[in-house]
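# Geometric and topological summary
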Amino acid sequence: MTSLLVIGAGRMAEAIISGLVAKEKNRFSSITVSNASNMQRLDRLKRTYGVHVTQDAIGKAASHDVILLAAPPEAHDHLLEQLKEVIDHQLVLTVAAGVDPAYIEARLSTGTPVAWIMPNTAAGIGQSMSTFTCGKYVDNHHRIIIDYILSSIGESEELSAEKVHDLTAITGSAPAFLYAFALGLEEAAVNYGVNRKQARMLVIQMLKGSVSMLEHNGDPQLLMDQVASPGGSTAKGIEILNEQGFASILKEAVRATNNHARTHNE
Ligand SMILES: NC(=O)c1ccc[n+]([C@@H]2O[C@H](COP(=O)([O-])OP(=O)(O)OC[C@H]3O[C@@H](n4cnc5c(N)ncnc54)[C@H](OP(=O)(O)O)[C@@H]3O)[C@@H](O)[C@H]2O)c1
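No experiment lies behind these values; they were computed from the predicted model shown.

### Regarding the sheet that holds strand E5 (residues 91-94)
- Strand order in the open sheet made by the eight strands is E3-E2-E1-E4-E5-E6-E7-E8, with mixed pairing throughout. Edge positions in the sheet fall to strand E3 (52-54) and strand E8 (154-158), since each of these pairs with one other strand and no more. Averaged over all pairs of adjacent strands, the angle between their axes in this sheet comes to 25°, without regard to strand direction.
- The sheet contact formed by strand E4 (residues 66-69) and E5 spans four bridges and is parallel. Note that in E5 the partner of Leu-69 across the bridge is Thr-94.

### A word on the nonpolar core
- By size, the foremost hydrophobic cluster in this structure holds 34 residues, and its most contacted members are Val-6, Phe-28, Ile-31, Val-33, Leu-93 and Ile-146.
- Setting aside anything within four residues of it in sequence, one finds Leu-93 in contact with Val-66, Ile-67, Leu-68, Leu-69, Ala-115, Ile-117, Ile-146 and Ile-149.
- By size, the runner-up hydrophobic cluster in this structure holds 19 residues, among which are Leu-83, Ala-96, Ile-104 and Val-114.

### Things to note about helix H2 (residues 39-49)
- Buried within H2 are the following residues: Leu-42, Leu-45 and Tyr-49. Within H2, the buried residues cover an arc of 60° as seen down the axis, which keeps them to one side. Across H2 from its buried face, at more than 90 degrees, point the exposed residues Gln-40 and Arg-47.
- Those residues of H2 that are buried are in contact with helix H1 (11-22), strand E2 (28-34) and E3.

### Here we look at the site of the ligand
- Around the ligand, 22 residues are found, and the nearest of them are Ala-9, Met-12, Ser-37, Asn-38 and Ala-71.
- Within the backbone of Asn-38, a nitrogen or oxygen atom sits 2.9 Å from an oxygen atom of the ligand.
- Between the ligand and Val-95, the relevant distance is 3.5 Å, taken from a nitrogen atom to a main-chain nitrogen or oxygen of the residue.
- In isolation the ligand offers 900 Å² of accessible surface; the protein chains occlude 74% of this area.
- In this structure the site holding the ligand corresponds to the second largest pocket.
- Looking at the shell around the ligand, its residues break down into 15 nonpolar, six polar and one charged.

### Quick look at the layout of surface pockets
- What the largest pocket holds in volume is close to 2,200 Å³.
- Lining the largest pocket are 45 residues, with Leu-178, Leu-207, Ser-210, Val-211 and Leu-214 positioned closest to its centre.
- For the lining of the largest pocket, the elements supplying multiple residues, two or more each, are strand E7 (128-134), E8, helix H7 (161-191), helix H8 (196-217), helix H9 (220-227), helix H10 (233-243) and helix H11 (246-262).
- Residues that form the lining of the largest pocket fall into these classes: 29 nonpolar, 13 polar and three charged.
- The residue makeup of the lining of the largest pocket includes at least three contributed by each of domain 1 (2-159) and domain 2 (167-265).
- By volume, the second largest pocket is sized at about 950 Å³.

### Looking at the domain arrangement of the protein
- Partitioning the protein into domains gives domain 1 (2-159) and domain 2 (167-265).
- Taking only C-alpha atoms, the centre of domain 1 and the centre of domain 2 are 32 Å apart.
- Every contact between the two is made by 14 residues of domain 1 and, on the other side, eight residues of domain 2.
- It is Gly-98, Tyr-103 and Asn-120 that lose the most area in domain 1 upon contact with domain 2, and together they represent 35% of the buried surface on that side.
- At the surface where domain 1 touches domain 2, the tally comes to zero salt bridges.
- Counting the contacts that link domain 1 with domain 2 gives one residue pair in polar contact (both at pLDDT 80 or more).

Conventions used here
- Residues numbered from 1 in each chain as written.
- Predicted model: local features only at pLDDT ≥ 70, side-chain atom pairs only at ≥ 80, totals over all residues.
- Heavy atoms only, no water.
- Pairing = 2+ DSSP bridges.
- Helix = DSSP H or I, 4+ residues; strand = E, 2+ residues; numbered from the N terminus.
- Axes fitted to C-alpha atoms, helices over the stretch in contact; angles between N-to-C directions.
- Core = buried A, V, L, I, M, F, W, Y, C linked by side-chain atoms within 4.5 Å.
- Buried < 20%, exposed > 50% of the residue type's maximum accessible area, 1.4 Å probe, protein only.
- Contact = heavy atoms within 4.5 Å.
- Arc of directions from axis to C-beta.
- Near = heavy atom within 4 Å.
- Polar contact = N/O pair within 3.5 Å; in protein donor to acceptor, adjacent residues only side chain to side chain.
- Areas by Shrake-Rupley, 256 points an atom, 1.4 Å probe, with all protein chains shown as cover.
- 1 Å grid on protein atoms, 1.4 Å probe; cavity = no way out; pocket = protein on both sides within 12 Å on 5 of 7 lines; lining within 4 Å.
- Sits in = over half its atoms within 2 Å of the grid points.
- Nonpolar A, V, L, I, M, F, W, Y, C, P; charged D, E, K, R; others polar.
- Points joined across faces, edges and corners; volume = space filled by probe spheres on them.
- Domains from an automatic or database assignment.
- Buried area = accessible area lost by both parts, 1.4 Å probe.
- Salt bridge = Lys/Arg side-chain N within 4 Å of Asp/Glu carboxyl O.

Spelled out as structure tokens, the structure:
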């Protein structure tokens, strides 16, 4: 059996822990969680998920098989510096934006197996689309553990580190872009006189149906053409989106997100 130490006890740590403990057979013999200072939060996680908690993650690291960093990217340098002194080739994982395997390997002893997982907030309901990439020293046994963690929060796709960087905006941040889109439509509906609750319900169901259509058909252009018959009213709306550069705005948002995430990896 394998023991897991989670450093950082925020939203992403909780999403992963809740996914792991909900699994029929939890392969971790123990899960210990730590954060920077918030003891109340640790107590809540302990009561809710039956995990162990500690405020001395570094002191506990040597006795754990897998260490999962769920702290902010800017906390990584110091954490890795401290971990280097106490661990001996345990598997080290991070979910931090922009912190790739080469970055972690450079700060830990040679031969340490490491991997970088990029989940999104839907991890909290087991629906994340996570990307991940493994470092040089990850073997099949480590991969089984990584797969196990990833499957507890949704679907995953292994990519090169470069591609995980490039797709951070698409799988990690684009949910926020979609919520901005939903909010915009909600505001438009409210402006036509429906109340906020009705507007929200209308937009959510429209999005649900559209995602199901995408799942069935897979081709957004074809689905778009089915709604927007030439010369029709939807085509008029699409014309405005095109004129205002909808696609290029999205590309620009993706580029800015990725550039910002990469600053933590320099
Ligand atoms: N939320 C997302 O959708 C998402 C998606 C992909 C990746 N991520 C990544 O997940 C990581 C955590 O994000 P989050 O959304 O869970 O953030 P969060 O809710 O703000 O939680 C951050 C956690 O890290 C702890 N922490 C901060 N500095 C620490 C340190 N030096 N040592 C130990 N613990 C420390 C905090 O402890 P205190 O509360 O005691 O300060 C808190 O428990 C980030 O690296 C982020 O890039 C998040």
